[in-house]
Amino acid sequence: LGVTAIISYSDGAAVALAKPVTKGVSYAQVLEGPTDTGDGGGISWSNFLARNEGAPVGELHADVVLTGQAKDSVRVTNVGIQRVAPVQPAFSGTYVPIPHQGGQAAYQFKVEMDQANPTLTRVGGGQVFPDFNIALAPGEQTTLAIDFLAARYSYKCALVISYLVGNRAHTIEVKEPNGQPF
């Protein structure tokens, strides 16, 4: 199973940083406007937030592209949430609004991170893994659009994807492209 995570900070309203940013390199980067990918020589939102201890306000959008990469079909049986750091209070240092752009994916999910055991829930149908699963033929791709929602605290997590190739069970942990947790 091939997995690619594409993080879109452009879908959220803003990001918040733990401390005020009023001068220096970080301030210049805020004025320049980080991008989702860091294209054009600028910094990516992911790297900017990691460097400045920040997080999206309210929600983070991730597109997770799954590709069947085996001779046999692949069946994704579960996508879970694993918290990888202690829960922190919401950040209150610097608030940075983000311009919007959008898109649609084959499967749309939301995760309420403020719940004790956050679970991916399919938007529109309410289905959850493992009651819902995805079959991929060799070379076939599909996208999971996931909105991580948080109102009370700041969270760091990774996705844990369980899947079958034939009858063999496998798991893979998914983080942001730069290796940072979501």
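A brief look at the structure comes next. Model, not experiment: these values are computed from the prediction.

### A look at unusual backbone geometry
- Phi at Glu53 is positive, roughly 50°, even though this residue is not glycine.
- Within the element layout of this structure, Glu53 appears in the loop between α2 (45-52) and β3 (54-56).

### Some remarks on the sheet that holds strand β13 (residues 157-165)
- An order of β10-β5-β13-β14 is seen for the four strands of this open sheet, with the pairing classed as antiparallel. The open sheet terminates on both sides in strands that have one partner only, identified here as β10 (134-136) and β14 (168-174). For this sheet the average axis-to-axis angle between neighbouring strands, irrespective of direction, equals 30°.
- Bridge analysis of β13 against β14 gives seven bridges, and the strand direction is antiparallel. The residue bridging Leu159 from the neighbouring strand is Val174, located in β14.

### As for the packing of helix α1 (residues 24-32) against α2
- Contact geometry for α1 and α2: axes closest at 12 Å, N-to-C directions at 150°. Comparing their axes, α2 and α1 come out roughly antiparallel. Helix-helix and strand crossings are classified by hand; for α1 and α2 the assignment is left-handed. Residues Ser26, Gln29 and Val30 of α1 form the contact with α2, whose participating residues are Phe48, Arg51 and Asn52.
- Its residues assigned to classes, the contact of α1 with α2 comprises two nonpolar, three polar and one charged.

### Quick word on the sheet that holds strand β2 (residues 14-17)
- Strand order in the open sheet formed by three strands is β3-β2-β7, with antiparallel pairing between adjacent strands. Every interior strand has two partners, whereas the edge strands, β3 and β7 (94-97), have only one. Averaged over all pairs of adjacent strands, the angle between strand axes in this sheet comes to 20°, irrespective of strand direction.
- Sheet topology note: the β2/β3 ladder contains three bridges and is antiparallel. Within β3, the position partnered with Val15 by the bridge is Pro56.

Analysis parameters
- Residues numbered from 1 in each chain as written.
- Predicted model: local features only at pLDDT ≥ 70, side-chain atom pairs only at ≥ 80, totals over all residues.
- Heavy atoms only, no water.
- Helix = DSSP H or I, 4+ residues; strand = E, 2+ residues; numbered from the N terminus.
- Pairing = 2+ DSSP bridges.
- Axes fitted to C-alpha atoms, helices over the stretch in contact; angles between N-to-C directions.
- Parallel < 35°, antiparallel > 145°, perpendicular 65-115°, else oblique.
- Left-handed = near helix turned anticlockwise from the far one by under 90°.
- Contact = heavy atoms within 4.5 Å.
- Nonpolar A, V, L, I, M, F, W, Y, C, P; charged D, E, K, R; others polar.

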